Amino acid sequence: MTRIILRGGRVLSFGDTPLAGSDVAISAGRIDSLGHVAEQAGDRVIDVAGAIITPALTDIHTHVYWGGTSLGVRPETVAHRSATGVFVDAGSAGAGNYEGLRAFIAEPSPFHIFAYLNISYAGIFGFGKDVMVGECCDARLLDTKSCLAAVRSHRDRIVGVKVRAGHMAAGENGALALDLALDVAEELGVPIMCHVDLAPPTIDEVCDRLRPGDIITHCCRPAPNSATHDGHVREAAWKARRRGVRFDVGHGRGGFSFKVCREMLDEGFAPDLISSDIHALSVDGPAHDLLTTVNKLIALGVAPDEALAAASRNPAGAIGRPDLGRIRAGDEANIAVLRWKSEPWPLQDAAGEIITVDRRLVCEHLIVRGQAITAAGEARPLHELAS
Ligand SMILES: [Zn+2]
């Protein structure tokens, strides 16, 4: 079997593992060795000098139940351009339709696909350009028994419970849906991911309820009901962070404001997790994909290595799979090779503000589950990795 050597990049180890050098050798789908790797007969060497070698990114907030829900996108259409190997579906499915996400999307996929199960039995069933019906508006759908049973049956792929607490998804039921999701999560010992939009509930009420390890998504959403007020981070958000609540970007169609993100960063409140919230109404803009979202955080001053950690190491840890967010000998190969591309590039937030940057990170190579992923998102044997 051909051994592949990625030669001369800068390996991101996030300070976990000191690396002697800058090569990564991969054979039989696993990371064989790191550091200065000597070439042997039969090896294929790919020059990646000047590039960054990072764990393939983990997008912790996506909607990939394509065909089963109106908001789903196909993961293969964005994987390579966004350097993403791990897609976590955030509540597209509930107990009533999760089996399809598992059987038709996750199991046949060349990517790692996990899910937060929606507390609503039907998942996000009415989300489109012309139809918008919140899945928590009818309290009959908030059936905790079904949710508990489905998570228990699929604990290998379901990593927590999703709730869209907010006026759009829940009408007046936001706090009720959130409390039921917390009850289920508490009984199962899993985290929840909570979406915020317009009150009720207020962002203070959400922050006060979440437990260590729970995630608040759309954390840089524009006002009203944003994490900042009068230009400052709300006290409830600080308290939640000190308690161990994680703050996730979840860009989406309406969930990310440069202004709010700047206010948070000015006070040292960088998001713990960067995610795209790609769905049918955000994948062609303003969110586009995870790497575009990472580039937006970098544009606002987040150090590139920290932004990449928030899109790989941190979300992989949050779903209980730290192995998917690191580069270590012996692990399955999940690697992205990124390079800076210098050209003026406009980045737009959900409020319409545009920042034009003069360089951005682009994906050069993507390896997921030991296979080469093409630009079209197809998995090929690793020796077919493009030079
Ligand atoms: Zn979402």
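Please read these numbers as outputs of a predicted model, since none were measured by experiment. (Residues numbered from 1 in each chain as written. Predicted model: local features only at pLDDT ≥ 70, side-chain atom pairs only at ≥ 80, totals over all residues. Heavy atoms only, no water.)

### Thoughts on the overall build of the chain
In terms of helices and strands, the chain carries 10 helices and 21 strands. Relative to the 2.2 N^0.38 estimate, which gives 21 Å for 387 residues, the radius of gyration of the chain is 20 Å and therefore close to what a compact globule would have. Principal axes of the C-alpha set define a box for the chain whose edges measure 65 × 45 × 40 Å. Expressed as a percentage of its 387 residues, the buried residues of the chain come to 58%. Residue pairs at least 24 apart in sequence account for 74% of intrachain contacts in the chain once pairs closer than 6 positions are excluded. Only carbon and sulfur atoms are counted for the fraction: they give 50% of the accessible area of the chain, which is about 14700 Å². (Helix = DSSP H or I, 4+ residues; strand = E, 2+ residues; numbered from the N terminus. Rg over C-alpha atoms; globule rule 2.2 N^0.38 Å. Buried < 20%, exposed > 50% of the residue type's maximum accessible area, 1.4 Å probe, protein only. Contact = heavy atoms within 4.5 Å. Areas by Shrake-Rupley, 256 points an atom, 1.4 Å probe, with all protein chains shown as cover.)

### Observations concerning the coordination of the zinc ion
Within the protein, His61 (NE2), His63 (NE2) and Asp277 (OD) serve as the donor atoms for the zinc ion, at 2.0 to 2.3 Å. Going along the chain, you hit the donors of the zinc ion in the pattern H-x1-H-x213-D. Of this pair, His63 sits in the loop between β7 (57-62) and β8 (84-94) while Asp277 sits in the loop between α7 (258-266) and α8 (290-299); the two residues are 214 residues apart in sequence, bridging distant segments of the chain. (Donors = N, O, S within 2.8 Å, 3.2 Å for Na, K, Ca; no water.)

### A short note on the domain arrangement of the chain
Parsing the chain into structural domains produces domain 1 (4-54 + 329-339 + 359-384) and domain 2 (57-321). Computed from C-alpha coordinates alone, the two centres of domain 1 and domain 2 are separated by 29 Å. Contacts between the two partners involve 26 residues from domain 1, matched on the other side by 20 residues from domain 2. Of the roughly 1800 Å² buried between domain 1 and domain 2 on both sides combined, carbon and sulfur atoms contribute 63%. Ranking the residues of domain 1 by area buried against domain 2 places Phe14, Leu361 and Arg369 at the top, with a combined share of 30%. Joining domain 1 to domain 2, the criterion identifies one salt bridge. A salt bridge links Arg10 to Asp305; the nearest nitrogen and oxygen atoms lie 3.0 Å apart. Linking domain 1 to domain 2 there are five residue pairs in polar contact (both at pLDDT 80 or more). Elements that contribute at least two residues to the side of domain 1 that touches domain 2 include exactly β6 (52-55), β18 (335-348), β19 (354-368) and β20 (371-373). (Domains from an automatic or database assignment. Buried area = accessible area lost by both parts, 1.4 Å probe. Salt bridge = Lys/Arg side-chain N within 4 Å of Asp/Glu carboxyl O. Polar contact = N/O pair within 3.5 Å; in protein donor to acceptor, adjacent residues only side chain to side chain.)

### Details of the packing of helix α2 (residues 144-153) against helix α4 (residues 174-188)
Packing of α2 against α4 leaves a shortest axis separation of 10 Å and a crossing angle of 40 degrees. Taken as a pair, α2 and α4 cross one another with a handedness that is right-handed. Residues Thr144, Cys147, Leu148, Val151 and Arg152 of α2 form the contact with α4, whose participating residues are Leu180, Val184, Glu187 and Leu188. Here the contact of α2 with α4 is composed, by residue class, of six nonpolar, one polar and two charged. (Axes fitted to C-alpha atoms, helices over the stretch in contact; angles between N-to-C directions. Left-handed = near helix turned anticlockwise from the far one by under 90°. Nonpolar A, V, L, I, M, F, W, Y, C, P; charged D, E, K, R; others polar.)

### Structural notes on unusual backbone geometry
Residues Ala199 and Pro200 are joined by a peptide bond in cis, for which omega reads 0 degrees. Along the chain, Pro200 turns up in the loop between β13 (192-196) and α5 (203-209). For the bond from Pro200 to Pro201, the omega torsion is -5 degrees, close enough to zero to count as cis. Residue Ala83 is not a glycine yet carries a positive backbone phi of 60 degrees.

### A few points about the pairing of β13
Summarising burial for β13: five of the five residues are buried, a large majority. Residue alternation in β13 divides its side chains into two sets, Ile192, Cys194 and Val196 and Met193 and His195, and both sets are buried. As defined by bridge partners, β13 adjoins strand β14 (residues 215-217) across three bridges and the pair is classed as parallel. By the bridge assignment for β14, Cys194 is matched with Ile216. Of the crossover connections in this fold, the one passing from β13 over α5 to the parallel β14 is right-handed. (Pairing = 2+ DSSP bridges. Right-handed = clockwise from strand over helix to strand, strands pointing away.)

### Things to note about the pattern of salt bridges
It is possible for side chains of opposite charge to pair when their charged atoms get near one another. Summed over all chains, the structure comprises 26 salt bridges. A salt bridge links Lys259 to Glu263; the shortest N-O distance between them is 3.1 Å. With Lys259 and Glu263 both in helix α7, this residue pair falls four residues apart, about one helical turn.

### Comments concerning the state of the cysteines
In total, this model carries zero disulfides according to the counting rule given. Between Cys136, a free cysteine, and Cys137, which holds the nearest cysteine sulfur, the sulfur-to-sulfur gap is 7.5 Å. For Cys136, a relative accessible area of 0% puts it in the buried group. Here Cys219 is not cross-linked by a disulfide; its sulfur's nearest cysteine counterpart is in Cys220, at 3.8 Å. (Disulfide = S-S within 2.5 Å.)

### Focus: α4
Helix length check: α4, at 15 residues, gives a terminal C-alpha distance of 21 Å against a target of 21 Å (1.5 Å per residue), a fit within 8%. Those residues of α4 that sit buried are Gly174, Ala177, Leu178, Leu180, Ala181, Leu182, Val184, Ala185 and Leu188. In this structure, the buried side of α4 is in contact with α2, β12 (158-165), α3 (167-170), β13 and α5. (Expected span 1.5 Å × (residues − 1).)

### Section: the sheet that holds β13
In spatial order, the strands read β7-β8-β9-β12-β13-β14-β17; together these seven strands make up an open sheet with parallel pairing. Whereas interior strands pair on both sides, the edge strands pair on one side only; in this sheet they are β7 and β17 (246-248). Averaged over all adjacent pairs, the angle separating strand axes in this sheet is 25 degrees, with direction ignored. Relative to β12, strand β9 (residues 112-118) runs parallel, the two sharing four bridges. Each bridged residue has a counterpart across the sheet, and for Ala115 the counterpart in β12 is Ile158.

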